[in-house]
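The primary structure of each chain is shown beneath.
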Amino acid sequence: MKRIAVIPGDGIGKEVMDSAMMVLECLDLPFEYTWLEAGDAALEKFGKALPDETLEEVRKSDAVLFGAAGETAADVIVRLRMELDTFANVRPAKSFEGVKALHDNVDIVIVRENTECLYKGFEFEIEKGVTQALRIITRKASERIVRYAFELAKREGRRKVTALHKANVMRKTCGLFKDVFYEVAKNYEIQADDYYIDAACMYMVMKPQIFDVVVTTNMFGDIVSDLAAGIVGGLGLAPSANVGERYAIFEPVHGAAFDIAGKGIANPTAMILTVCMMLKHFGYVEAGKKLERAVERTISAGKTTPDLGGNLKTEEMTNEIIKNLDL
Ligand code: NAI
Ligand code: MG
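Keep in mind that this is a model prediction, so the values were computed, not measured.

A. A look at the site of ligand 1. Near ligand 1 there are 21 residues, and of these G70, E71, G255, A257 and D259 occur at the shortest range. H254 has a polar side-chain atom sitting 3.5 Å from a nitrogen atom of ligand 1. A distance of 2.7 Å separates an oxygen atom of ligand 1 from a polar side-chain atom of D259. Elements represented by at least two residues in the shell around ligand 1 include exactly β3 (63-68) and α4 (73-83).

The following block contains the structure:
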């Protein structure tokens, strides 16, 4: 029995978590769920966006299934990733048949470092009108994330790992990351190359097929994973897994999407593919693949929410996915 801490959070986080639960119920796996609160609503209610009881329960669990937080995201999900030392944020961006997107044949996995960089939150006001942020990059964290990326490439039979950085300007921090990348790369028979982050953004929009596995530091990874989601059809499709030695957190790449929250039109795909990543993580590979195929069939049949051009509600699209599970 695996213990899953379920944190729906704010906005569409709650809506897509309902979809995840509908699907999980059908699959009937040995999971025990603990429902926990965190996010903007928790801050209002308890005075803390990540209440102590939530963190305590999370520590007793094997994994966290997370929806989205709103304005408190830094205090909730960014903090959870660091507290649980889930150092590798794995964010696939893959083309779907039947989705009108900027490109076809995209299959990128972004591996984002999760525990340091500017998102450490070391920010100060030196004096009025003068602020400062510290960017922490260590050899230890760089080595383990780069190794994770190469191991993932090896495991999945992928051809190349690309590092993204800005070592021409941030010579110390990005310089260290780039050096470590090539040191680790020597141990693998997998192609390794690197780009400056700005040029990489252009290439990703114009010819994303040159990328396979991408490894980068925390903030660049945050930005470039939304970009990659955008070229294959949007945030409604992008799942993610945060993986560490002891814990794992599964969450869609998107946030609370307050612009569409409450309308019942959020695309449940990102959250359901996130469930697929959780199933595979726990060794239920066949169930994960089956669910993935059900999502693919549903999308290629045009049974989607409005972001992909369809006219279904979140719950209706989820039901279509469930119907396709039986095939
Ligand atoms: P967002 O990711 O919530 O939404 C960006 C855009 O994508 C919006 O137009 C939204 O409607 C669309 N979108 C996102 N998910 C979708 C889905 N499943 N189906 C259809 N359309 C979808 O980012 P935004 O708008 O910048 O932030 C909204 C709130 O979420 C903020 O309070 C922010 O702090 C928070 N946030 C939380 C994150 C987390 O908890 N992991 C990550 C990013 C933002
Ligand atoms: Mg983000």
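On we go from here.
B. Quick look at the pairing of β3. Burial within β3 is extensive, with six of its six residues counted as buried. Two elements, β3 and strand β12 (residues 248-252), share two bridges in a ladder whose sense is parallel. Across the sheet, V64 pairs through a bridge with I249, a residue of β12.

C. Just the packing of helix α10 (residues 285-300) against helix α11 (residues 314-325), in detail. Contact pair α10 / α11: the axes reach a minimum separation of 8 Å and the direction vectors enclose 120 degrees. Classified by the interaxial angle, the pair formed by α10 and α11 is oblique. Relative to α11, the crossing made by α10 is right-handed. In contact with K290, L291, A294, V295, R297, T298 and I299 of α10, α11 contributes M317, E320, I321, N324 and L325.

D. Just helix α1 (residues 12-27), in detail. The terminal C-alpha atoms of α1, which comprises 16 residues, lie 23 Å apart, in line with the 22 Å expected from a rise of 1.5 Å per residue. Buried positions along α1 lie against β1 (2-9), β2 (31-35), β3, α9 (269-281), α10 and α11. In the segment just after α1, D28 is the residue with positive phi, at about 50 degrees.

E. Quick look at unusual backbone geometry. For D28, which is not glycine, the phi dihedral falls at a positive 50 degrees. Its place among the elements puts D28 in the loop between α1 and β2. In this model, D85 sits at a positive phi of 55 degrees, which is unusual for a non-glycine residue. Along the chain, the position of D85 falls in the loop between α4 and β4 (88-94).

F. Representation of the pairing of β1 in the model. Among the eight residues in β1, six count as buried, and that is most of the element. As paired strands, β1 and β2 are joined by five bridges and run parallel to one another. Across the sheet, V6 pairs through a bridge with W35, a residue of β2. Note that the unit made of β1, α1 and β2 has a crossover that is right-handed. Pairing analysis gives five bridges linking β1 to β3, with the strands arranged parallel. Each residue of the ladder has a partner; that of I4, found in β3, is A63.

G. View of α9. For α9, built from 13 residues, the straight-helix expectation of 18 Å at 1.5 Å per residue is met to within 8% by its first-to-last C-alpha distance of 18 Å. The complete set of buried residues in α9 reads T269, A270, M271, I272, L273, T274, V275, C276, M277, M278 and L279. Of the residues flanking the end of α9, it is G283, one or two places downstream, whose phi is positive at about 90 degrees.

H. Structural view of the side chain of D193. Within the secondary structure, D193 is located in strand β9 (residues 191-196). A relative accessible area of 17% means that D193 is categorised as buried. For D193, the side chain forms a polar contact with the side chain of T162, separated by 2.7 Å. Setting aside chain neighbours within four positions, we find D193 in contact with K160, V161, T162, A163, F181 and Y182.

I. Just the nonpolar core, in detail. Ranked by internal contacts, the top residues of the largest apolar core, which has 67 residues, are L65, V111, F150, V161, V215, L279 and L291. Two domains each provide a minimum of three residues to this core, namely domain 1 (1-87 + 238-327) and domain 2 (102-232). Not counting residues within four places of it along the chain, the set of residues in contact with F150 comprises V161, F181, V184, A185, Y188, I190, Q191 and A192.

J. Highlighting the packing of helix α3 (residues 52-59) against α4. Orientation of α3 relative to α4, taken along the N-to-C sense of each, is 40 degrees, at an axis distance of 12 Å. It follows from the interaxial angle that α3 and α4 lie oblique. Handedness of the α3/α4 crossing: right-handed. Residues L55, V58 and R59 of α3 touch α4, and the partners they reach there are R79, L80 and E83. Split into classes, the residues belonging to the contact of α3 with α4 amount to three nonpolar, no polar and three charged.

Conventions and cut-offs
- Residues numbered from 1 in each chain as written.
- Chains lettered and ligands numbered in written order.
- Predicted model: local features only at pLDDT ≥ 70, side-chain atom pairs only at ≥ 80, totals over all residues.
- Heavy atoms only, no water.
- Near = heavy atom within 4 Å.
- Polar contact = N/O pair within 3.5 Å; in protein donor to acceptor, adjacent residues only side chain to side chain.
- Helix = DSSP H or I, 4+ residues; strand = E, 2+ residues; numbered from the N terminus.
- Buried < 20%, exposed > 50% of the residue type's maximum accessible area, 1.4 Å probe, protein only.
- Pairing = 2+ DSSP bridges.
- Axes fitted to C-alpha atoms, helices over the stretch in contact; angles between N-to-C directions.
- Parallel < 35°, antiparallel > 145°, perpendicular 65-115°, else oblique.
- Left-handed = near helix turned anticlockwise from the far one by under 90°.
- Contact = heavy atoms within 4.5 Å.
- Expected span 1.5 Å × (residues − 1).
- Right-handed = clockwise from strand over helix to strand, strands pointing away.
- Core = buried A, V, L, I, M, F, W, Y, C linked by side-chain atoms within 4.5 Å.
- Domains from an automatic or database assignment.
- Nonpolar A, V, L, I, M, F, W, Y, C, P; charged D, E, K, R; others polar.

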